[in-house]
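# Structure at a glance
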There are 2 protein chains.
Amino acid sequence: MIESLLYPSLNSASEFINTSLRIKKFILCCGLFSVEYVGRSSSTLGLGERVLIIKGDGSVLVHRSKGYEPINWQPSGCIIRCEVEDDKMIVFSERRRPKEFLKAVFDKVYIVFSTSLIDNAKFLMGPSEEKFYSILFKHPEFIEKGLRLTSKQKSLSAGVVDFTGVDGNGNYVFVEVKRRTAGVDAVKQLDKYIRSQPTKFRGILCAPSITKPALSLLEKKGYTFRKLDLNRISKLLTIEPFEETLDKHL
Amino acid sequence: MIESLLYPSLNSASEFINTSLRIKKFILCCGLFSVEYVGRSSSTLGLGERVLIIKGDGSVLVHRSKGYEPINWQPSGCIIRCEVEDDKMIVFSERRRPKEFLKAVFDKVYIVFSTSLIDNAKFLMGPSEEKFYSILFKHPEFIEKGLRLTSKQKSLSAGVVDFTGVDGNGNYVFVEVKRRTAGVDAVKQLDKYIRSQPTKFRGILCAPSITKPALSLLEKKGYTFRKLDLNRISKLLTIEPFEETLDKHL
DNA sequence: GCGCTTAGCCGCTCA
DNA sequence: TGAGCGGTTAAGCGC
């Protein structure tokens, strides 16, 4: 749900912002204003048209017409207030530690809106699950030097093992892969697969990180943990799917 | 001049955005969308309510409800396009070097506006590292009594040393300056410069304070720490007219 | 809390 | 174009 005001008076804009601040909404205000900042450093920015963003967590951003970076900002946790004085609308933001202040003085407000921005989506760094497995299958050296993979997503009676292979010493290997921190359940899964086999398999658990309990269980069982560098892997992601989509529309 | 659409259809929003892109306006679009990014790294962000900003210089920002930083972005210079397909509005952004792509897929657009953001104001930054250097260069006694500085920001093969000089006892000196607490990296930097020289140099690390690990490394290397009195130095900087404005609001 | 490391760091300067 | 480096770096993690 969006509420917005187009070309409001400074008084209505101020009232609107204060109401939205109280219920910690995302607020965006575009207008003609100047900015002063003092804290770790200090700065002054003369009058101009720009955009002020106040987030529900108390972060503040001032964006000009160019560039990735905000020209002025405060990180989350600030206390923000808005008022009208001498025909100017003033947004005042205070950070406690380190002590910092930011002041935006509006001559005019062109548009102001606020909304709750309901957003519970997960942000996943790195490739999608499917992509991820196919990359590792092609590049087993990311798991372990000398490792050769013979099958992926192989069905066993006990479940589906991510990879089977042979390590540099000729041992047969089962690999369980997790895209995120591996917990005890991941170790149990791996253990289940290996114990379902009549012959001996080495166990490798491969994940960006592992919890302490999971690691001790893993060691107790005699399996190996291999750390995954997600960034290195995502660099191998081809941009082909994007290029195709782009080409189609050019 | 602001143009805006509240709860537009995806088709109108797309048309609006393309028109605004053509004349390089600042565009802001708030809605329900997902984001995919592939390039130096890669990421996927599921469906959620957030804000997409496209600037006239071809920078792109995706802001969620929290935090200073955008969750996804592209720096300036991107080629951006918008279209509707299968009841989704898609914003594509392509960066040439390095090759990177960002795709925002909108289910709904709540508000979209565009404007020119005329802003020619000067941005004046307070005392920066550079300012510090010039003051210290003029007042080497702040670093050490009897010190004479011979050059600043001198390029070596190993990097750029803040000051070179001669101390009261006639020793050649390299000075590394930090305007905040110096950490181990500052000591390493100084060490690197000195070790790159065939002749002997005394090392001085000059900062308001130093961390414990940094100090012990410094002593082990036989260099000197000199405390920088920020208050004394700031008196030589232009006085900020901001303090009084602050007082009024506190 | 402090201090250290990382980042799709960004953006600048200079060889 | 690439490397080095500062930044109101911010943000996360360990102690």
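In what follows, the structure referred to is the one given above.
Cut-off values and rules
Residues numbered from 1 in each chain as written. Chains lettered and ligands numbered in written order. Predicted model: local features only at pLDDT ≥ 70, side-chain atom pairs only at ≥ 80, totals over all residues. Heavy atoms only, no water. Pairing = 2+ DSSP bridges. Helix = DSSP H or I, 4+ residues; strand = E, 2+ residues; numbered from the N terminus. Near = heavy atom within 4 Å. Polar contact = N/O pair within 3.5 Å; in protein donor to acceptor, adjacent residues only side chain to side chain. Nonpolar A, V, L, I, M, F, W, Y, C, P; charged D, E, K, R; others polar. Axes fitted to C-alpha atoms, helices over the stretch in contact; angles between N-to-C directions. Parallel < 35°, antiparallel > 145°, perpendicular 65-115°, else oblique. Contact = heavy atoms within 4.5 Å. Buried area = accessible area lost by both parts, 1.4 Å probe. Salt bridge = Lys/Arg side-chain N within 4 Å of Asp/Glu carboxyl O.

## Concerning the pairing of strand β6 (residues 79-85) of chain A
Residues and elements named next belong to chain A. Sheet topology note: the β6/strand β7 (residues 88-95) ladder contains seven bridges and is antiparallel. Following the sheet pairing, I80 is matched in β7 by S93. In this structure, the hairpin formed by β6 and β7 is closed by a connection of two residues, where D86 is found at a positive phi of approximately 50°.

## Quick word on the protein's contact with DNA strand C
Around DNA strand C, the structure places 16 residues, and the nearest of them are R97 of chain A together with R40, N72, W73 and T211 of chain B. Restricting attention to atoms of DNA strand C within 4 Å of the protein, one finds that 75% of them are sugar or phosphate atoms. In this structure, W73 of chain B approaches DNA strand C through a main-chain N or O atom, which is 2.3 Å from a base nitrogen. Contact between DNA strand C and T211 of chain B: a phosphate oxygen at 3.0 Å from a side-chain N or O atom of the residue. For the surface near DNA strand C, the leading source of residues is strand β5 (residues 72-74) of chain B, giving three residues. Per-class residue counts for the surface near DNA strand C are six nonpolar, six polar and four charged.

## Some points on the packing of helix α3 (residues 184-195) of chain B against helix α4 (residues 212-221) of chain B
Residues and elements named next belong to chain B. α4 packs onto α3 with a crossing angle of 20° between their chain directions and a minimal axis gap of 8 Å. By the angle class used here, α3 and α4 are roughly parallel. Between α3 and α4, the contacting residues are V184, V187, K188, L190, D191 and R195 on the first element and P213, A214, L217, L218 and K221 on the second. Of the residues contributing to the contact of α3 with α4, the split by class is seven nonpolar, no polar and four charged.

## As for the sheet that holds strand β12 (residues 172-177) of chain A
Residues and elements named next belong to chain A. Pairing within the open sheet is mixed, and its five strands lie in the order β10-β11-β12-β13-β14. With one partner strand each, in any of the chains shown, β10 (148-156) and β14 (224-227) form the two edges of the open sheet. Along the sheet, successive strands turn relative to each other by an average axial angle of 30°, direction set aside. Judged from the seven bridges that link them, β10 and strand β11 (residues 159-166) form a sheet pairing that is antiparallel. In the sheet register, L156 faces β11, and the bridge partner there is G159. Contacts from helix α2 (residues 129-138) reach β10, β11 and β12, with the element oriented near 140° to β10.

## Quick notes on the interface of chain A and chain B
In many reports, interface size means the accessible area that the parts give up when they come together. Contacts between chain A and chain B engage 77 residues on the former and 73 residues on the latter. Of the roughly 6400 Å² buried where chain A meets chain B, counting both sides, 61% is carbon and sulfur surface. The partner of D119 of chain B in a salt bridge is R50 of chain A, with the nearest N and O atoms 2.7 Å apart. Sorting elements by how many residues they give to the side of chain A that touches chain B places strand β3 (residues 42-54) of chain A first, with 11 residues. Of the residues in the side of chain A that touches chain B, the class split is 37 nonpolar, 21 polar and 19 charged.

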